[in-house]
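Survey of secondary and tertiary structure
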Amino acid sequence: MEAAETIQSIRSLIKAARDSGKIIGLVPTMGALHVGHISLIEAARKKCDYVVVSIFVNPTQFVPGEDFEKYPRPFENDLDICQKAGVDAVFAPSPEQMYPVENITWVNVKKITEPLCGQFRPGHFQGVTTICTKLFNIVAPDFAFFGQKDAQQAIVIRRMSADLNMPLEVVICPTVRESNGLAVSSRNKYLSEQQKKDAANIYKSLQKCQQMIDSGVKNTSEIIDEMRKILQQVPSIEIEYISIVDADTLQNIEHFTGKVLTAVAVRIGPARLIDNILLDTRE
Ligand code: PAF
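Quantities reported herein were computed from a predicted structural model and do not represent experimental measurements.

Scanning the chain from N- to C-terminus turns up nine helices and nine strands. Taking 2.2 N^0.38 as the reference for a compact globule, 283 residues should give roughly 19 Å; the C-alpha atoms of the chain span a radius of gyration of 19 Å, in line with that estimate. Oriented by its inertia axes, the alpha-carbon framework of the chain measures out at about 55 × 40 × 35 Å. Across the chain, the fraction of contacts at a sequence separation of at least 24, relative to all contacts at a separation of at least 6, is 72%. Accessible surface, the chain: about 13700 Å² in total, of which carbon and sulfur atoms supply 49%. If you average the places of the 31 positive and of the 34 negative side-chain charges in the chain, the two averages end up 1 Å apart.

Written as structure tokens, this is what we have:
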């Protein structure tokens, strides 16, 4: 496995791979790699001949007051995980490499960045779409891999790449869960054992939504009320939002029909956690 810290060095590694006819896959990450990231790497290895993992804690997607400074950066362990997972190259640039001068050019996806997390993290998606555009321009992958856990991010990036005719395919991979249902996330590291147990109610609330749909309930406020009750069983959970939206427009819907995203964001102790399920009720 190669490790590159500069744009020039990752580009020359990729040029060599491409010159020998290899299909390039990119797994963009902020490090603190876990089994969710490993599943993205595995998906990339299936589709691609040369897999690049980028590790960059992107300052522009953190809103003031968020966890940028304390975001975990276990770099040596991340390299080890990449090596064992069969990654071909790690691109781990410094902030100066990615943002050498004041950044005054931004990529902005409108409308679908406004609801859900967009309401609570103003500017977050602009940071994500801008860094992903930069990474796509540097690595020029044929495929880029993202997790369904960050559903809104995945939808925004897919839409950005379609709207801007980016020459790559965005692949969305299923959420990986702990045995209690908690979606695996780098931010789970902030939780105590008790808080991890409490956080299992997030997935329980999503399962409740699934059960209600399966039993024919269509009214979304009825479903949201039941989901809220499950989350409120745990005093440590502070609900940010429970939303049932159209999976393309991300607008709230009153009746559960078509391709629907049910998404939840909560705070537990020091962590902000998100999770979702995607349901397709079309025939
Ligand atoms: O999902 C993440 O870890 C980040 O938002 C991403 C896509 C790597 C961009 O910094």
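Once the structure has been displayed, the description carries forward.
The next thing to look at is the sheet that holds strand β3 (residues 50-55). Across the sheet, six strands lie side by side as β1-β4-β3-β2-β5-β6; this open sheet has parallel pairing. The strands lining the two open edges of the sheet, one partner per strand, are β1 (2-4) and β6 (169-173). On average, each strand axis in the sheet is inclined to that of its neighbour by 25°, with strand direction left out of account. Of the pairings in the sheet, the one linking strand β5 (residues 143-147) to β6 comprises five bridges and is parallel in character. Bridge pairing in β6 links G147 to C173. Contacts from helix α6 (residues 124-139) reach β2 (24-29), β3, β4 (89-91) and β5, with the element oriented near 150° to β2.

We now examine the side chain of S161. Here S161 is to be found in helix α7 (residues 151-163). Apart from residues no more than four positions distant in its own chain, S161 is found in contact with M166, L168 and V170.

Soluble globular proteins tend to bury their nonpolar side chains together. Counting 46 residues, the largest nonpolar core has I10, V52, F91, F136 and L261 as the members making the most contacts within it. Counting residues per element, this core draws most heavily on α6, at eight residues. Once residues within four sequence positions are removed from consideration, F91 is found in contact with A4, E5, T6, I7, I10, V52, V53, S54, I55, M98, L135 and I138.

Right, let's get into the site of the ligand. Surrounding the ligand, one finds P28, T29, M30, N58, Q61, I131, C132, F146, D150 and Q153. Within the side chain of Q61, a nitrogen or oxygen atom sits 2.6 Å from an oxygen atom of the ligand. Between the ligand and Q153, the relevant distance is 2.7 Å, taken from an oxygen atom to a side-chain nitrogen or oxygen of the residue. Protein contact buries 89% of the 290 Å² of open area that the ligand shows by itself. When residues of the shell around the ligand are traced back to their parent elements, those giving at least two are β2 and α6. Taken together, the residues of the shell around the ligand break down into five nonpolar, four polar and one charged.

Here is what the cut-offs are and how they apply
- Residues numbered from 1 in each chain as written.
- Predicted model: local features only at pLDDT ≥ 70, side-chain atom pairs only at ≥ 80, totals over all residues.
- Heavy atoms only, no water.
- Helix = DSSP H or I, 4+ residues; strand = E, 2+ residues; numbered from the N terminus.
- Rg over C-alpha atoms; globule rule 2.2 N^0.38 Å.
- Contact = heavy atoms within 4.5 Å.
- Areas by Shrake-Rupley, 256 points an atom, 1.4 Å probe, with all protein chains shown as cover.
- Lys, Arg positive; Asp, Glu negative; His and termini not counted.
- Charge placed at Lys NZ, Arg CZ, Asp CG, Glu CD.
- Pairing = 2+ DSSP bridges.
- Axes fitted to C-alpha atoms, helices over the stretch in contact; angles between N-to-C directions.
- Core = buried A, V, L, I, M, F, W, Y, C linked by side-chain atoms within 4.5 Å.
- Buried < 20%, exposed > 50% of the residue type's maximum accessible area, 1.4 Å probe, protein only.
- Near = heavy atom within 4 Å.
- Polar contact = N/O pair within 3.5 Å; in protein donor to acceptor, adjacent residues only side chain to side chain.
- Nonpolar A, V, L, I, M, F, W, Y, C, P; charged D, E, K, R; others polar.

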